[in-house]
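# Descriptive analysis of the structure
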Amino acid sequence: MGNGDIEVESAADHVATIEMRRGPDNYFDTALIQRLGEALNELAEDGCRAVVLCSEGRNFCAGARLEPMSSSGAAEGPHLYDVAITLFEQPLPIVAAVQGAAVGGGLGLALAADFRVVADNARFTASFARLGFHHGFGMTATLPAVVGSQTALDLLFTGRRVGAAEAKSIGLCDDVVPADELRARARARALTIAQSAPLAVRSIRATMRRTLVDDVRAAVSRERSEQERLMATADFTEGVTAMSERRDPDFHGA
């Protein structure tokens with residue numbers, strides 16, 4: 001089943017695949033994240049035991065697409081982070097299959113999964129500070145949980161690119177495979193989960209992640225307010241301009 005932006009495929013072995021279909025870069029917005037959350041909840045009700053989250057095209061996810069604004073200057077509809085929390089609340093284990101870039105919010109989306117299997121061409125970037133604003137998507141909680149506080153600070157402060165081999169060494173991913181084996185390996189990992197007792201797996205997952213939803217909820221509240229504050233600065237304008245012009249930014253702390 002699908003709705004244009006995502007395609008959902010269930011199988012008799014209780015492993016489902018959700019593919020984002022906004023290639024080549026798979027930018028997301030609130031509507032796409034909402035559809036992902038709805039699909040996950042529907043799969044959970046239908047007896048699915050594990051999910052592979054993947055995407056078409058060159059990159060897993062190059063980040064968030066700016067939302068349309070109302071005449072008052074506010075984003076229309078629910079805020080992205082009010083919707084994104086559903087990805088953390090839903091009960092199914094997720095294995096993300098990551099090819100190419102997972103940048104900014106795309107890294108945040110990958111971190112919402114329980115495991116990350118990545119192609120050898122994958123690269124991760126928490127590029128927020130290089131754009132002049134604050135990270136989001138709950139990465140305040142999720143990134144340190146995966147790589148540790150010091151490495152998280154390094155990645156967030158510098159916005160540097162992390163390749164697949166380094167991602168494996170710092171714990172940012174669980175497997176690195178040739179690109180043509182990516183989905184098969186991610187599915188194999190999901191299948192090993194699906195072969196365990198489903199009630200036990202859901203119970204264990206809920207216990208192991210028992211504080212994560214609360215931590216993410218608190219994190220996105222702070223992240224949202226800081227993003228809104230910093231997006232009104234000259235440094236943010238310079239960061240976005242520098243990125244579009246493919247040059248180093250010249251920040252002035254204003």
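Here's a quick rundown of the structure. (Residues numbered from 1 in each chain as written. Predicted model: local features only at pLDDT ≥ 70, side-chain atom pairs only at ≥ 80, totals over all residues. Heavy atoms only, no water.)

### A look at the sheet that holds strand 3 (residues 50-55)
Reading across from one edge, 1-2-3-4-6-9 is the order of the six strands in this open sheet, with mixed pairing throughout. Strands with a single pairing partner mark the edges of an open sheet, and in this sheet they are strand 1 (6-9) and strand 9 (175-177). Adjacent strand axes in the sheet meet at a mean angle of 20°, parallel and antiparallel pairs treated alike. Packing against the sheet, helix 1 (residues 30-45) makes contact with strand 1, strand 2 (15-20), strand 3 and strand 4 (94-98), and its axis sits at approximately 170° to strand 2. (Pairing = 2+ DSSP bridges. Helix = DSSP H or I, 4+ residues; strand = E, 2+ residues; numbered from the N terminus. Axes fitted to C-alpha atoms, helices over the stretch in contact; angles between N-to-C directions. Contact = heavy atoms within 4.5 Å.)

### Looking at the state of the cysteines
Scanning the entire structure with this criterion turns up zero disulfides. No disulfide involves Cys 48; its nearest neighbouring cysteine sulfur is the one of Cys 54, lying 13 Å away. Using a relative accessible area of 7% as the deciding quantity, one classes Cys 48 as buried. The thiol sulfur of Cys 61 is not disulfide-bonded, and the nearest other cysteine sulfur, from Cys 54, lies at 13 Å. The buried category is assigned to Cys 61, whose relative accessible area is 0%. (Disulfide = S-S within 2.5 Å. Buried < 20%, exposed > 50% of the residue type's maximum accessible area, 1.4 Å probe, protein only.)

### Describing the side chain of Arg 116
Along the chain, the position of Arg 116 falls in strand 6 (residues 115-119). Notably, Arg 116 is buried but unbridged: the nearest opposite-charge side chain belongs to Asp 174, and the N-O separation is 4.6 Å. From its side chain, Arg 116 meets the backbone oxygen of Ala 110 in a polar contact 3.0 Å long. Among the polar contacts made by the side chain of Arg 116, one reaches the main-chain carbonyl oxygen of Leu 172 at a distance of 2.8 Å. Sequence-distant contacts of Arg 116, defined by excluding residues within four places in its chain, comprise Ala 96, Ala 110, Leu 111, Val 146, Leu 172, Cys 173, Asp 174 and Asp 175. (Lys, Arg positive; Asp, Glu negative; His and termini not counted. Salt bridge = Lys/Arg side-chain N within 4 Å of Asp/Glu carboxyl O. Polar contact = N/O pair within 3.5 Å; in protein donor to acceptor, adjacent residues only side chain to side chain.)

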